[in-house]
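Residue-level structural notes
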Amino acid sequence: MTRIPKEVNNIHIPELSLVLLIGASGSGKSTFARRLFKPTEIVSSDVCRGLISDDENNQSVSKEAFELARFIAAKRLKRGLLTVIDATNVQPEARKDWIALAREYHVLPLAIVLDTPERTCQARNLTRADRNLGNHVIPQQINQLKRSLRHLRKEGFRTIVHLDAVEAMDRITCIHRDKLYSDLKHDKGPFDIIGDVHGCYTELCNLLETLGYGVDREQAKLLSAPAVTNEDGYTTCRKPVLLGDLVDRGPDSLQVLRLAMDIVKNGHGYCVPGNHDVKLKRYLEGKDVKLRHGLEKTVEQLQHATPEFLAAIKDFIEGLVSHYMLDDGRLVVAHAGLREEMHGRGSGGVREFCLFGETTGEIDEFGLPVRYNWALEYSGRAMVVYGHTPVPTAQWLNKTIDIDTGCVFGGALTALRYPERELVSVPALEQYAVPSRPIGYNAGSPLSLQQQFDDMLDMKDIAGKQILQPRYGHSVTIRAENAAVALEAMSRFAVNPKWLIYLPPTMSPAETSTQAGYLEHPAEGFAWYRNAGIQQVVCEEKHMGSRAVVIVCRDEAVALKRFGVAGEGNGMVYTRTGRAFFNDKVLEQEFIGRVNQALINTGFYDKFETDWVCLDAELMPWSAKAQALLKNQYASTGAAATTALSAVVAALEQAVANGAPAADLLNSYASKQLQAQKFVKAYREYCWPVSAVNDYKLAPFHILATEGKTWFEESHEWHMQAISDICAGDPQLLLATSYRVVDLSDPAQEAAAISWWEALTAGGGEGMVIKPSRLLQVTNNDIIQPAIKIRGSEYLRIIYGPEYDSPENLSRLRKRGLGHKRALALREFALGLEALHLFVEGAPLQQVHQQVFGLLALESEPVDPRL
Amino acid sequence: MLLTIKTTRYPATDLGYLLHKHPAKVQQFQISAGKVHIFYPEATDTSCTAALLLDIDPVGLVRKGPDSNEFALDQYVNDRPYVASSFMSAAIAQAYSSAMNGRCKDKPQLTEEAMPFEVTISVLPVKGGEVLLRELFEPLGYEVIASQLPLDTQYPEWGLSRYFTVTLRHNLPLQQILTHLYILLPVCDNDKHYYIGDHEIEKLAEKGKGWLDTHPAQEIITRRYLKNIGALTRQALEVVLKDEVDEAVTDKPLKDKLRLHDIRLQTVTDILLELQVSSVADLGCGEGKLLRLLKDNPVFTRILGMDVSLRALDIARSKLKLDKQPLSQKDRIQLLQGALTYKDKRIAGYDAAVLVEVMEHLDELRLPALEKAVFGCARPAHVIITTVNAEYNVLYEKMQPGSFRHADHRFEWTRAQFREWANGVAARCGYEVSFRDLGEIDPTHGGPSQLALFKILMN
């Protein structure tokens, strides 16, 4: 207990703690709390009484008021916020519940005792008209408080601040909030995180030297560390981070300890404790510890150590912090890993977890506790690097990685380079110990650990309302009803989710044109980008087919290795809603084979250092995929319109010939007849029969991703050129898209682009798409609309109906709102990008799927389907 | 869009009196969906033809505004402006109201007189084809001449459209002809109706008096005419899949499956009773038929229905009357949306899981996901799975070889295939499995459906 002398004016508390004020009624708790904590940090029992009974002094609702206070405190602690409990808390039963709550959320419980003299309390209460306590109450409370004082530590309070004079309380003007020992968020590295060493000193030195460090092997000192210069020009040294279990089983635990102590003492790096280290400490403290599991070897090696050195070891291990949060909380290191809710928290539970991980409570056939793989359920933001359980190879699982590759058992000593995420290993020089349980899990599977886990997606992160935070743009809210529609579409019609690493966003047309006869015209598109501050745009011909995402792997082995897909060929073509484009599997694979051959022929795989690619493309003809739509809607309407209108025109001609005053009517219907014929002509442009691969045309317009990389930063010109190179590999199937670059400050270039558009659409083309020179352009966290389409006048007939361009129709159709469509396009774009980024970074499929699923859900937002 | 009525009864121009429309004029009326023009292509004593030209405003049909139709279509590319549908009935009723009501101011004797009439409808959509067209008109004594339009003359392989150019000939008073057309045009179309409210039933009774109750197709006429306006509400799913909605989404199962389904559900219920389970998860519950059977039996104390289709769940919810449950029953039955390709905590903790005719709606490649979700993660003590037996398909006369019983079936398995899969699941997941045939059993082909019962092995 810290008794605060009268002259001290500040106290220190851990920044994340549950602070219990302890004091009798009238001791000045609320005043103290209001003066030194934020109002939102204080949970007051009186306020809670008031909230549920309109009377802060109503003692009959104490139970309910406590429940409410506990509820609020729990929510705050879960979110990692310091919380102050303003209640008398003089009875041990009352404090017990709060200590349990602190433990549940792994925060430190802390007591501030306001030991105010009885007469002061009584005097204060007398001045309060609303509070009418019996005379016996305050003496009783003070009595309870006095009796409590010496039990507080045993009850579980780590820090106890005892203020036993009114002056002492009043003098406190400041409460310092100390960072937790585990908080090293300010240190951004780079780091080299090293797995369980277990006395393998030579291998540790070998690994450090491989990583670029200089080591004095004899003195066990770090001589130098590799320096790196970051983008801002600052040079820093890399830091080794040891994941614990430095000792036991191996040949030279002593030297390992020396080196670790040297590294930590001089601030060259960090070390977290492992269960073996802690057991050694207990042995050194003289506790009754069984000499087994390799400790017997360490003890033998320590025989000739000086008492000073033994004491230093004990202090060193004692001083190790259970885990560290590094690099703004993006990296967590702990010996046995750590659940997300324990990151940066402090409690016995956290320490226990860091040392031993989690067990199921069962014992396996080797007599060891069965480990529960917490990483299976991990979905946190931070990367967790850990050791403790030897594995044959270090593999990522849900953003966690176990890098204990069993050096002491004859495996290897492994380091993870952070932030590079690069694994560096040195082999064990010999097998120093035999594991009591064989190392390895499902080693026969061709899938990686992550891929095995990815076989089963979880409903919890997709159903109901979701808020997604893509790295570009703003957060995206998925409404529950849209998620429900997406679930049906996804589970009934979509391809294997392992292929679904991207879905294309919707695209908005330009502002409605006011030029006579036009609903859409390039002028509005150019104006829009000019106003958005874009200097240069690219205009690409818009092909009229079906949007298709094409994934091609060099061979089936790549499909298995990179996508975890077996027996589905070496690629997939799917539509904008994730359905397989081809119903015929043989045709699909023939198609992919052709694209693959073109990629091989043109040296794409070598040039891009990849063995797979994901392309965004238009696949023609439209009639291939939209057959049902064409027949049921377009051809049907065309057949009905042309037949009906020719009958009408014939009847009107006959009437006019017979003298009826129907000439005006005849004129108007003759022009409708012409419009119907144009309508049929318009949709026929996009139809041709397909029976074999050669009948298809694929026009890729974007290289989305290859191994380890997305290509959004490149210019469209770069994309068009790279794609044109591929198309040269199979001109029969692949179609390079024509395009032109337009400088928006040059009216002549704009005019030329408009003429180009007019020529394209006059020839039956759908129109063009205007894009900023690079696809991804972000200003102040706002993404610039990645594309705007300008559709041709004849094409629009199949969108707005045969008669849309009659003046009386056009004037009404011009009233259309684009805002919702535009906002949707941006949100979908951000999610698509995020999904691809996550995939190339090797994120768990669940995270990729969450984005893609959200995108599909957004597609069910009600928006004018003609835009 | 165009409906002509022609007569050759002398003097044919009496048609003008009957219709109360002067043959030398072109007249115009406003109706809710647009305009109606009445004109006469010919008007002589020997032959007179009245044309009703319905001019539907295609933009107004879609645009929702204060003056536009309440049941707006959401597509501009739409056949409605060009065909005879319920809009045409509305136009007839308004433009030819006196004739339809049997009034003729100048020549009242004409209203009762049977005359030779020839009605031509330039484009009539007929869902049910020429067979239905004839079933509707021929029992009333019409001579029917129909020619079906091709979808697109340039692409003959696309086949025929659902549209006919139809000529009907009969010797009847005009009032009767108009009444028949009023009811039967939308019946042929059977598409979206723009009627609302109960008075449609009265209208049908009134206009159908004297002919509908003896018409052999009375049932289909009544059903189609009063088609539920709920059909108008396009499913959100269709909106998502926009240009990709194909037959798979919309087709109906074969009719004779119905009784078989009852047998399946009864068998499943009997097995559940034998197993003495008290909590059951019906995975892929559809409209909740099995849930209703289970609900009536108090031994089932906790029942879960899960389906991926929101629409099916809505129907299940209303059929189970979940909103009117007494408080004591509130938590007994739960419905939730879910898909068997995802692991889902919510389906764990039930004694038995039931998948009745569900697995064949999943792509075969997704079955490992179903296996993991049900047998690997939820792990109920008992699992009952039924699926169709492909061997039995040869006994269905209407089925083409190689086709499936339902357009959404992704596969149909023989008994051997089903057993191989189920035995594999049992071996991988620690269950034992037994099989039986379901439905009327054929000695060589087995039952129309098959069932596997899995029991968890406790070691």
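Residues numbered from 1 in each chain as written. Chains lettered and ligands numbered in written order. Predicted model: local features only at pLDDT ≥ 70, side-chain atom pairs only at ≥ 80, totals over all residues.

**Things to note about the overall build of chain A**
- Across its full length, chain A holds 29 helices and 40 strands.
- Here chain A holds 867 residues, and 47% of them are scored as buried. (Helix = DSSP H or I, 4+ residues; strand = E, 2+ residues; numbered from the N terminus. Buried ≥ 20, exposed ≤ 12 C-beta atoms within 10 Å, placed from the backbone.)

**Some thoughts on the sheet that holds strand S24 (residues 412–418) of chain A**
Residues and elements named next belong to chain A.
- Here five strands make up an open sheet; going across it, the order is S16-S15-S10-S24-S25 and the pairing mixed. The open sheet terminates on both sides in strands that have one partner only, identified here as strand S16 (270–271) and strand S25 (422–427).
- The pairing of strand S15 (residues 239–242) with S16 spans two bridges and is parallel. Considered in S16, the bridge of valine 241 is made with tyrosine 270. (Pairing = 2+ DSSP bridges.)

**Examining the UniProt feature "domain: Polynucleotide kinase-phosphatase ligase" (unreviewed entry) in chain A**
- Here the UniProt feature "domain: Polynucleotide kinase-phosphatase ligase" (unreviewed entry) sits at residues 486–862 of chain A.
- Spanning residues 486–862 of chain A, this segment combines 47% helix with 16% strand, and its end C-alpha atoms are found 13 Å apart. (UniProt positions renumbered as here; feature names shortened; annotations may be inferred.)

**Side note on the domain arrangement of chain B**
- If you check the domain split of chain B, you get domain 1 (2–233) and domain 2 (257–456).
- Distance from the C-alpha centre of domain 1 of chain B to the C-alpha centre of domain 2 of chain B: 47 Å. (Domains from an automatic or database assignment.)

**A word on the interface of chain A and chain B**
- Listed by partner, the interface residues are 60 residues for chain A and 65 residues for chain B.
- Mapped by element, the contributors of at least two residues to the side of chain A that touches chain B are strand S26 (457–458), helix H16 (480–493), helix H22 (627–657), helix H23 (663–684), helix H26 (797–800) and helix H27 (807–813) of chain A.
- With 19 residues, the top contributor of residues to the side of chain A that touches chain B is H22(A).
- Residues of the side of chain A that touches chain B, tallied by class, amount to 32 nonpolar, 14 polar and 14 charged.
- Relative to strand S11 (residues 342–343) of chain B, S26(A) runs parallel, the two being bridged by two bridges. Its bridge partner lying in S11(B), A:Leu457 is registered against B:Tyr342. (Contact = placed C-beta atoms within 7 Å. Nonpolar A, V, L, I, M, F, W, Y, C, P; charged D, E, K, R; others polar.)

**Looking at the pairing of strand S5 (residues 115–125) of chain B**
Residue and element names in this part refer to chain B.
- Pairing between strand S1 (residues 2–7) and S5: five bridges, direction antiparallel. Within S5, the position partnered with threonine 4 by the bridge is threonine 120.
- In the sheet, S5 pairs with strand S7 (residues 160–172) via nine bridges, with the strands oriented antiparallel. Note that in S7 the partner of leucine 124 across the bridge is phenylalanine 164.

**A short note on helix H24 (residues 716–727) of chain A**
Residue and element names in this part refer to chain A.
- In this model, H24 (12 residues) spans 16 Å end to end at C-alpha, consistent with the 16 Å of a helix rising 1.5 Å per residue.
- What H24 keeps buried is the set His716, His719, Met720, Ile723 and Ile726. Down the axis of H24, the buried set is contained in an arc of 120 degrees. They therefore lie on one face.
- Where H24 is buried, its residues touch strand S30 (536–542), helix H19 (585–601), helix H20 (604–607), strand S34 (697–706), strand S36 (739–743) and strand S37 (767–772). (Expected span 1.5 Å × (residues − 1). Arc of directions from axis to C-beta.)

**Side note on the domain arrangement of chain A**
- Partitioning chain A into domains gives domain 1 (2–178), domain 2 (183–444), domain 3 (463–506 + 816–867), domain 4 (513–543 + 738–815), domain 5 (544–621 + 693–736) and domain 6 (624–684).
- For domain 2 of chain A and domain 5 of chain A, the distance between their C-alpha centres works out to 44 Å.

**Digging into the sheet that holds S34(A)**
All names here are of chain A.
- Read from one edge of the open sheet, five strands run S32-S31-S33-S34-S35, paired in antiparallel fashion. Edge positions in the open sheet fall to strand S32 (571–574) and strand S35 (709–710), since each of these has one partner strand only.
- Pairing between strand S31 (residues 546–553) and S32: four bridges, direction antiparallel. Paired with valine 550 across the bridge in S32 is valine 573.
- H19 rests against S31, S32, strand S33 (612–620) and S34 of the sheet, and its axis sits at about 65 degrees to S31. (Axes fitted to C-alpha atoms, helices over the stretch in contact; angles between N-to-C directions.)

**With respect to the packing of helix H28 (residues 819–840) of chain A against helix H29 (residues 845–858) of chain A**
All names here are of chain A.
- Viewed as axis vectors pointing N to C, H28 and H29 meet at an angle of 160 degrees, and their least axial separation amounts to 8 Å. Classed by the angle they form, the pair H28 and H29 counts as roughly antiparallel. Two packed elements cross with a definite hand, and for H28 against H29 that hand is left-handed. Counting all contacts with H28, which are made through Leu824, Arg827, Glu828, Leu831, Gly832, Glu834, Ala835, Leu838 and Phe839, the residues of H29 involved are Gln847, Val848, Gln851, Val852, Gly854, Leu855 and Leu858.
- Class assignment of the residues belonging to the contact of H28 with H29 gives a composition of nine nonpolar, four polar and three charged. (Parallel < 35°, antiparallel > 145°, perpendicular 65-115°, else oblique. Left-handed = near helix turned anticlockwise from the far one by under 90°.)

**Some points on the environment of A:Asp245**
Residues and elements named next belong to chain A.
- In this structure, aspartate 245 sits in the loop between S15 and helix H10 (253–265).
- Given 30 C-beta atoms within a 10 Å radius, aspartate 245 is considered buried.
- Expressed as a C-alpha distance, the spacing of aspartate 245 and cysteine 271, which sit 26 residues apart in the sequence, is 9.9 Å.
- Excluding residues that lie within four positions of it along the chain, aspartate 245 makes contacts with Asp196, Val197, His198, Gly274, Asn275, His276, Asp277, His335, Gly387 and His388.

**Here's the deal with the nonpolar core**
- Judged by nonpolar contacts, the single largest core of 258 residues is most densely connected at A:Ala644, B:Leu52 and B:Leu124.
- Tallying contributions element by element places H22(A) first for this core, with 13 residues.
- Core analysis: the next-biggest nonpolar cluster, separate from the first, contains 70 residues, A:Ile193, A:Leu295, A:Leu355 and A:Tyr418 among them. (Core = buried A, V, L, I, M, F, W, Y, C linked by C-beta atoms within 7 Å.)

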